[in-house]
Amino acid sequence: MTLCNDAVIAVDDHIRLQAIDERFVPELHQLVVKNRAFLQQSLDWPQHVTDEAASRQNAIGNVMLHQRGYGKMFLIFVDEQMVGVLSFNLIEPQNKTGYIGYWIDESWQGKGILSRALNAFVAFYSKAGIVRRFVIKCRVANLESNRVALRNGFVLEGCLRQAEFLNGEYHDQNIYARIVDPTSE
Ligand SMILES: CC(C)(COP(=O)(O)OP(=O)(O)OC[C@H]1O[C@@H](n2cnc3c(N)ncnc32)[C@H](O)[C@@H]1OP(=O)(O)O)[C@@H](O)C(=O)NCCC(=O)NCCS
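Residues numbered from 1 in each chain as written. Predicted model: local features only at pLDDT ≥ 70, side-chain atom pairs only at ≥ 80, totals over all residues.

What about the UniProt feature "domain: N-acetyltransferase" (unreviewed entry) in the protein?
Part 1: When the UniProt feature table is mapped to this numbering, "domain: N-acetyltransferase" (unreviewed entry) covers residues 22–182.
Part 2: End C-alpha to end C-alpha, residues 22–182 measures 32 Å, and it is 35% helix and 35% strand. (UniProt positions renumbered as here; feature names shortened; annotations may be inferred. Helix = DSSP H or I, 4+ residues; strand = E, 2+ residues; numbered from the N terminus.)

Points about the site of the ligand
Part 1: Surveying the vicinity of the ligand reveals 20 residues, the closest of which are Ser42, Gly112, Leu114, Ser115 and Cys138.
Part 2: Elements supplying a minimum of two residues to the shell around the ligand: strand S5 (97–104), helix H3 (113–127) and helix H4 (143–151).
Part 3: Ranked by the residues each element gives to the shell around the ligand, the list is headed by H4, at 5 residues.
Part 4: Of the residues assigned to the shell around the ligand, the class counts are 9 nonpolar, 7 polar and 4 charged. (Near = placed C-beta within 6 Å. Nonpolar A, V, L, I, M, F, W, Y, C, P; charged D, E, K, R; others polar.)

With respect to the pairing of strand S8 (residues 169–179)
Part 1: With 7 bridges joining them, strand S6 (residues 133–139) and S8 adopt antiparallel strand pairing. Paired with Val135 across the bridge in S8 is Ala177.
Part 2: Pairing between strand S7 (residues 155–166) and S8: 8 bridges, direction antiparallel. Its bridge partner lying in S8, Phe165 is registered against Tyr170.
Part 3: Counted between consecutive antiparallel strands, the loop separating S7 from S8 contains 2 residues, among which Asn167 sits at a positive phi close to 50 degrees. (Pairing = 2+ DSSP bridges.)

Quick word on unusual backbone geometry
Part 1: Even without a glycine there, the phi angle at Asp79 is positive, about 50 degrees.
Part 2: Among the secondary structure elements, Asp79 is positioned in the loop between strand S3 (72–78) and strand S4 (81–92).
Part 3: Of the residues examined, Asp79 has 9 C-beta atoms within 10 Å and is grouped as exposed. (Buried ≥ 20, exposed ≤ 12 C-beta atoms within 10 Å, placed from the backbone.)

A closer look at the sheet that holds strand S1 (residues 8–10)
Part 1: Strand order in this open sheet of 8 strands is S1-S2-S3-S4-S5-S6-S8-S7, and the pairing throughout is mixed. Strands at the two margins of the open sheet, each flanked by one partner only, are S1 and S7. The mean inter-strand angle of the sheet, taken between neighbouring strand axes irrespective of direction, is 25 degrees.
Part 2: Here strand S2 (residues 15–19) pairs with S3 via 5 bridges, running antiparallel. (Axes fitted to C-alpha atoms, helices over the stretch in contact; angles between N-to-C directions.)

So, in structure tokens, the structure goes:
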């Protein structure tokens, strides 16, 4: 397994990705609580974040995955303010494939922060030789997320039928990928 120092990834002078750590749990939990209704429209998990202990449990699990290289959870900071999350929900080391997830505080949407963070994230892990196939799976109906994929060079590969359970129903999911060989970019 390839290891690298990925505690912090600088995006630009103001935006950075900070690897999940227990010390961020109270702030992260408050951000989830603030955005719960917004996030629940597109993600299944917010309803299960019942208290700070649940956020802590999740963070501890993700710290372990991060260290072992099977997942990577980053907090997006703009200066000293936490505004969202960008992750590899799963990395397949053998296939050098990473499955990406993200969300951003509703009031920070529409400013290109997620897109800039995503590009820095892709560049970092391709240069490190850890991931070359970057995958985004999102509900066909999630227009904002489909736009994130398309504006950042991901190619639509197909539609997975009824692949995502959300709010009591199974939804069709688009699968996008961007393949980056470190030598070619
Ligand atoms: C999906 C989500 C992260 C997209 O957030 P976002 O802020 O729209 O994403 P981006 O960073 O790509 O920003 C794009 C917007 O910023 C604008 N923008 C401003 N400066 C920009 C820049 N430098 N680069 C790119 N876009 C820029 C774009 O015009 C666009 O606005 P528009 O959609 O009104 O045209 C957000 O809607 C979200 O958190 N949704 C809920 C959770 C979710 O669905 N997660 C994905 C599950 S698959």
